[in-house]
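# Reading the structure
This is what each chain is made of:
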Protein chains: 2
Amino acid sequence: MKRPTVDYANDPYTWDNISGWKQYRSLRPFRGMYHDVRRRLPWYWTDITDGMTYRTFAGCIRIFFVNLLPAIAFILDMQRRTNGFFGINEALFSSALAALVFSLFSCQPLTVVGITGLISLFNYTIYDIAKSYGREDIYPQFLCWCAIWAAITHWVAAVLNWCDYMRYITDFSSNAFGMYVGIIYMIKGVEELVAGFQEPGSSWAAGYLGIVIALCYWASVYFLEAMGGTTYLTPVTRKLLADFAYPIATIWWTGFSHIPGRIKSTGLLRLEHTPAFYPTTDRSWLIDFWNCPVDWIFVALPIGILITLLFYYDHNVSSLTAQAKQFPLTKPAGFHWDFFLLGITCFIGGIIGIPLPNGLVPQAPVHTDSLTEYVDNLARSREQDYEPSEGEWLQHNKKVVRATKVHEQRLSHFIMALGFVGLMTGPLLIVLHTIPRALFGGVFFVVGWGSIEGMNITSNVLYILRESRYIDPQDPRTTLKKSRIAYYVFWQSIGVAASVAISQTIGAIGFPVIIVSLIPLRWCILPRIFSEHELLVLDSPTADATVVLASMGGQPTLPEVKLAEQKRSERGEEDVDGAGGVSSGTSSQGTEGIRSREKFKDDEEKEVGRLRRERETEGGVQATLRTGHA
Amino acid sequence: MKRPTVDYANDPYTWDNISGWKQYRSLRPFRGMYHDVRRRLPWYWTDITDGMTYRTFAGCIRIFFVNLLPAIAFILDMQRRTNGFFGINEALFSSALAALVFSLFSCQPLTVVGITGLISLFNYTIYDIAKSYGREDIYPQFLCWCAIWAAITHWVAAVLNWCDYMRYITDFSSNAFGMYVGIIYMIKGVEELVAGFQEPGSSWAAGYLGIVIALCYWASVYFLEAMGGTTYLTPVTRKLLADFAYPIATIWWTGFSHIPGRIKSTGLLRLEHTPAFYPTTDRSWLIDFWNCPVDWIFVALPIGILITLLFYYDHNVSSLTAQAKQFPLTKPAGFHWDFFLLGITCFIGGIIGIPLPNGLVPQAPVHTDSLTEYVDNLARSREQDYEPSEGEWLQHNKKVVRATKVHEQRLSHFIMALGFVGLMTGPLLIVLHTIPRALFGGVFFVVGWGSIEGMNITSNVLYILRESRYIDPQDPRTTLKKSRIAYYVFWQSIGVAASVAISQTIGAIGFPVIIVSLIPLRWCILPRIFSEHELLVLDSPTADATVVLASMGGQPTLPEVKLAEQKRSERGEEDVDGAGGVSSGTSSQGTEGIRSREKFKDDEEKEVGRLRRERETEGGVQATLRTGHA
């Protein structure tokens, strides 16, 4: 079968070089959605044929567990805090619905959609709001209207091409968001373990045993996943261990919790037994949203907009990370179309009273990752100490992992959907009920810690803590003062701290405003505080892959580049700034700036190392000249 | 003050080139002890003056905790299994006695002496033996006689210069022993946590909370000690964290266990309150050993000999590791004298009914280590991939730790002794009683795991598991087949497995026989199974420092070297064996073999790398020649 050939760099969907009313995105509805579908549809058949591989199976198992376990964990959280309105069946229904819709109809089948911690936060905060007015009786209807407004605003945003603005998101805000999510997950994990003491039927012994299980589960998954990165065993074995870390640990520790005697008799809390296919509370699936008081319908509007704001950021960032540049993707993205679809799941989810699904933020790249063929290659290097004195040559055999191909397909996503549907049946529900609830605390720790570890805030803090003399000269951050890096981290941390703080209050639903406000902060204020060079080293656009940018009308010019450009042209200079070697090197080439910036990102370490060495050499030459003159 | 200058390589204490009856060690009593004292006495005053440094203080705190916490943990174990004959006061008394005697009178004040897990094993197995004959009533007297016989055999061994035979111990047996001790410690840790469920007054909740505390304590100490090896913070800060890892974690988790509410109310087991200075059971300190039935006195003889066998191995190996070559020591060792001293503490310990102290095996090098001045230096290196293709040069700034000096002194040991005496008083005993018992489970895990991690069995197993292509060519083991390394590990593992297995039975007191029998196995059988080259790579003498060997009459020639030597001279060849490049390279030089072997050990990696490269080059030249001829 012939595969479409496309030149994403020259996609017809662009807003550059257009004048008149046509340049305004909102005036040309459906343009983005149309182009999304037009770009993606030719690939549809390959999405099925490309799925016939082992990796599809491995990816399917892995993402199934990574999606299922936190979803159940979050539903437990919601159940506790909404007086039992939500339960396992709602979680499974929501996950199955999202997986079916997005595996069949989305432009980006790699982006896995499901229940996140943030919708949990929304759902119980909305409950708290209703309760604070003494109207928890209309919670289902109220929640439904929030979802309906959210659906409507989703559609508006998708139709008016607003997803284009995702291209302005940089790691500054998306990493702050990832950090925030990671912290929330860790908090949820602790809350889950605390619940093991407080829930009816629990005992202190069960609570403490739960902590033991959660910690051991965390350690097990962490160890198994880390095995994949080592050079032990064979490439196949260690890949298998990493692929199936969640199922292995889940089965192991569930089994452990059933060891007869002191462990089983402790009476660990387990998932509650519920009849298959029915809502948890005594209601029909369809919410009687027409019975909602009119004033509450309008109170629901701002909340619906906040949900849209959250999903706009959350869902699209998960699509971005699932299609990041490190994955060698060939099939195009489609942000507008998918956001419209998300509006549909919001609407359906709303009227049947299930948690609204959206893109899974820390888990999204896991799916793509598990579908990627990695080859462990051997690289040999020689190393020699040259200071304090010339040492001997040492030879190293190193593992170099290369991503050769991503199995971009819909099958793993679709099979996962079938898995959720299967779980909703009686027999498999019983299997679920054997899992101790404390294990979900461990799931939170794994996922949350994974997110915290991977963010630039963490790596920058570790960089600052490291003794300067042991930092490799290749690190581009060596061109900056540590105080400046700390200052940058400070700005990010404000966003994270404010979000975490507000999440603990009834104002929790306002946190998307804080996260989203980091974008204008980065775009308008940061370029005035930090130099072009500093931002070049510390930040980069989150939308960095060509396949992704086509759906957003191409990459924008960064404000700091514009600013530096402008300053230079004002001074009528070409390249003078001595300190900004790298920045001037890139930005003086005008529109080329972006391209060399991309190159810079592409292989950051090496590139900056080269640039810096060049600069050092130049400096050396200049110093020699100066000495010569003196 | 003038410091003695000594040439340890030409120490008058030697048995080489002596003929007639004088060559027999046992016929010249006190010779070793005399030379030990003669060699060490001139340094005595410097042992005090050299102690006036911060490192003495740091070393003192660190070894105090590393000595105290396991000692208490072991006494809990003994208390549980000897029907309460032993208690905290006995542990403190024993530790204080040992520390006073050895800090003041020993030749090797770096070797810290105290209560180990193995004497615990002995004490309760002796109890089991008495009990199996229905005579637990005479347990104190019986135990006392075991100690008296042990003391007598200690003195015999010391007087007849038998400690010389320690020089025949290689890593083959000493690492098997370390592994065995590590495993026993881990088992004891689990037993301590299980006791948290079974002891009177305990609850399941307390038991599980205990597990949480033990695991967290383990993680904390491990993390803090690991900090010392990183490049984070400043050299001083990270060194401080590593130095005080035990006190920090102990204070933290003890405090944690007292948090009011769900934690404190759980009723964690804590150390029992006992009156100061009195024995735990209602008895006077002096055991009425004259009331022991005569037949039991003679039953005690073989047990006493087994204790001596254990201490002979255990105490001397701890002295060896505390004075290993990696520490730049200048003051001489004295094995004979110290073993005589150990006989004295055995005698005193026996007649007052306290656990017999001896050299602490996994902890012994900790004392020397904490007295060593390490300087973190910077080394710069350049690295380049040369396969698959010539990559760019990368520069690395590496931390290189250099041991510049060991503060060899008696003060830290003596202050530790005072600390134990202090702890025996009422007020400090009360402080001890605030520690939750489960924390000692964590102590076992830290110490036991540290021992397991550091043994050659572990590193060889990891080597075998590693994918071959990623092993650095410098590793001397690359010259061997993996199956041969596995075969070597197999022999060691037999010793470990047999010792661990027997330790779980009433035959536990027989385990020193197994450990000690590994020495003749290594000396007589292994050289016939493994080639000289294999043993050169896989094994090395445990007594490797010059300061140490002087006290043992110098280094012996290894049997595999002799054997290879003999074979070659039989064949009238000089150096033909193509495969044994390294071995033939060293052994063909006859008596030089040892010296080049030492050099080889000294900087194993580099040296073997060099030798191998040389061989490879030669091989290359020969291949070229051959091709030329063909």
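Everything quoted here is computed from the prediction, not taken from an experiment. (Residues numbered from 1 in each chain as written. Chains lettered and ligands numbered in written order. Predicted model: local features only at pLDDT ≥ 70, side-chain atom pairs only at ≥ 80, totals over all residues. Heavy atoms only, no water.)

### Some points on the overall build of chain A
From N to C terminus, chain A includes 25 helices and four strands. Relative to a compact globule of 630 residues, whose C-alpha radius of gyration would be 25 Å, chain A shows 26 Å and is just as compact. Counting only C-alpha atoms and orienting by the principal axes, one finds that chain A spans roughly 90 × 65 × 55 Å. Residues classed as buried in chain A amount to 57% of the 630 residues present. For chain A, long-range pairs separated by at least 24 residues make up 82% of all intrachain contacts whose partners lie at least 6 apart in sequence. Total accessible area on chain A stands at roughly 25000 Å², and carbon and sulfur atoms take up 64% of it. Measuring between centres, the 55 positive side-chain charges of chain A sit 2 Å from its 58 negative side-chain charges. (Helix = DSSP H or I, 4+ residues; strand = E, 2+ residues; numbered from the N terminus. Rg over C-alpha atoms; globule rule 2.2 N^0.38 Å. Buried < 20%, exposed > 50% of the residue type's maximum accessible area, 1.4 Å probe, protein only. Contact = heavy atoms within 4.5 Å. Areas by Shrake-Rupley, 256 points an atom, 1.4 Å probe, with all protein chains shown as cover. Lys, Arg positive; Asp, Glu negative; His and termini not counted. Charge placed at Lys NZ, Arg CZ, Asp CG, Glu CD.)

### Notes on the side chain of Ser-451 of chain B
All names here are of chain B. With respect to the helices and strands, the residue Ser-451 is situated in helix H16 (residues 438-454). A residue is classified by how much of its surface remains accessible, and Ser-451, at 5% relative accessible area, is buried. In this structure Ser-451 touches Gly-178, Gly-182 and Pro-362, once residues within four positions along its chain are discounted.

### Focus on the relation of the copies chain B and chain A
Look at the two chain copies: a rotation about an axis and a shift along it is all it takes to match them. Between chain B and chain A, which share one sequence, the superposing operator has a rotation angle of 180 degrees and an axial displacement of 0.0 Å; the RMSD is 0.0 Å. Both chain copies can therefore be described as sitting about a two-fold axis. Closest approach to the rotation axis within chain B is made by the C-alpha atom of Ala-205 of chain B, at a distance of 1.8 Å. A shared binding surface is used by both copies, with 100% of the interface residues of chain B retained as interface residues in chain A. (Least-squares fit on C-alpha atoms with pLDDT ≥ 70 in both.)

### Re helix H12 (residues 335-352) of chain A
Residues and elements named next belong to chain A. When the terminal C-alpha atoms of H12 are compared, their 26 Å separation across 18 residues agrees well with the 26 Å that a helix rising 1.5 Å per residue should span. Most of H12 is tucked away: 13 of the 18 residues are buried. Of the residues one or two after H12, Gly-353 is the one with positive phi, at around 70 degrees. (Expected span 1.5 Å × (residues − 1).)

### Quick word on the state of the cysteines
Here the structure, examined in full by the defined rule, presents zero disulfides over all chains. Residue Cys-146 of chain B stays outside any disulfide, its sulfur separated by 8.6 Å from that of Cys-292 of chain B, the closest cysteine. (Disulfide = S-S within 2.5 Å.)

### Here's the deal with the environment of Arg-55 of chain B
Residues and elements named next belong to chain B. Within the element layout of this structure, Arg-55 appears in helix H3 (residues 54-81). You can call Arg-55 buried: its relative accessible area is 5%. Each residue touching Arg-55, except ones within four places of it in the same chain, is listed here: Lys-239, Asp-243, Ser-370, Leu-371, Thr-372, Glu-373 and His-407.

### Regarding the UniProt feature "domain: Bicarbonate transporter-like transmembrane" (unreviewed entry) in chain A
Residue and element names in this part refer to chain A. When the UniProt feature table is mapped onto this chain, "domain: Bicarbonate transporter-like transmembrane" (unreviewed entry) is found at residues 28-199 and 212-541. The annotated region residues 28-199 carries 74% helix and 1% strand content, and the separation between its end C-alpha atoms amounts to 54 Å. For the annotated span residues 212-541, helix accounts for 57% and strand for 10% of the residues, and the straight-line distance between the end C-alpha atoms is 41 Å. (UniProt positions renumbered as here; feature names shortened; annotations may be inferred.)

### Quick word on the sheet that holds strand S3 (residues 372-387) of chain B
Here four strands make up an open sheet; going across it, the order is S4(A)-S3(A)-S3(B)-S4(B) and the pairing antiparallel. For this open sheet the edge positions go to strand S4 (393-406) of chain A together with strand S4 (393-406) of chain B, each flanked by a neighbour on one side alone. Shown here is a sheet whose adjacent strand axes are inclined to one another by a mean of 35 degrees, direction ignored. Against the sheet, helix H13 (residues 364-371) of chain A engages strand S3 (372-387) and S4 of chain A, with an angle of about 95 degrees to S3 of chain A. (Pairing = 2+ DSSP bridges. Axes fitted to C-alpha atoms, helices over the stretch in contact; angles between N-to-C directions.)

### Here we look at the interface of chain B and chain A
On the side of chain A, 56 residues touch chain B, which itself brings 56 residues to the contact. Together, Tyr-208, Arg-262 and Tyr-470 of chain B form the three largest contributors to the area buried by chain B at its contact with chain A, with a combined 14%. Taken together, chain B and chain A are joined by 10 salt bridges. A salt bridge links Arg-380 of chain B to Glu-387 of chain A, with the nearest nitrogen and oxygen atoms 3.1 Å apart. Here chain B and chain A share 41 residue pairs in polar contact (both at pLDDT 80 or more) between them. Secondary-structure elements contributing two or more residues to the side of chain B that touches chain A are helix H7 (171-198), helix H8 (204-227), helix H9 (235-243), S3, S4, helix H17 (456-465) and helix H25 (604-629) of chain B. Broken down by element, the residue count for the side of chain B that touches chain A peaks at 12 residues, all from S3 of chain B. Grouping the amino acids of the side of chain B that touches chain A by side-chain chemistry returns 25 nonpolar, 12 polar and 19 charged. (Buried area = accessible area lost by both parts, 1.4 Å probe. Salt bridge = Lys/Arg side-chain N within 4 Å of Asp/Glu carboxyl O. Polar contact = N/O pair within 3.5 Å; in protein donor to acceptor, adjacent residues only side chain to side chain. Nonpolar A, V, L, I, M, F, W, Y, C, P; charged D, E, K, R; others polar.)

### Focus: the packing of helix H4 (residues 88-105) of chain B against helix H14 (residues 411-423) of chain B
Residues and elements named next belong to chain B. Close contact between H4 and H14 brings their axes to 8 Å; oriented N to C, the two are set at 155 degrees. Of the possible angle classes, the one that applies to H4 and H14 is roughly antiparallel. The way H4 lies across H14 gives a crossing that is left-handed. Residue-level inspection shows Leu-92, Ser-95, Ala-96, Ala-99, Leu-100, Phe-102, Ser-103 and Leu-104 of H4 in contact with H14, the latter providing His-413, Phe-414, Met-416, Ala-417, Phe-420, Val-421 and Leu-423. When its residues are assigned to classes, the contact of H4 with H14 shows 12 nonpolar, three polar and no charged. (Parallel < 35°, antiparallel > 145°, perpendicular 65-115°, else oblique. Left-handed = near helix turned anticlockwise from the far one by under 90°.)

### What to know about the nonpolar core
Counting 332 residues, the largest nonpolar core has Phe-122, Tyr-217 and Leu-432 of chain A together with Tyr-217 and Leu-432 of chain B as the members making the most contacts within it. Contacts of Tyr-217 of chain B, omitting those with residues within four sequence positions, involve Leu-69, Tyr-246, Ala-249, Thr-250, Trp-253, Leu-439, Gly-442, Val-443 and Val-446 of chain B. (Core = buried A, V, L, I, M, F, W, Y, C linked by side-chain atoms within 4.5 Å.)

### Some thoughts on the pattern of salt bridges
All names here are of chain B. Tallied over the entire structure, the rule returns 66 salt bridges over all chains. Of the charged contacts, one joins Asp-164 and Arg-25 as a salt bridge, the two residues approaching to 2.6 Å between their closest N and O atoms. You can see Asp-164 sitting in the loop between helix H6 (139-159) and H7 and its partner Arg-25 sitting in the segment before helix H1 (31-40), a full 139 residues away along the chain. Taken individually, Asp-164 and Arg-25 each receive the classification buried, so the pair is uniform in this respect. For Arg-477, the salt bridge goes to Asp-475, with nearest N and O atoms at 3.0 Å. As far as the burial class goes, Arg-477 and Asp-475 line up, both buried.

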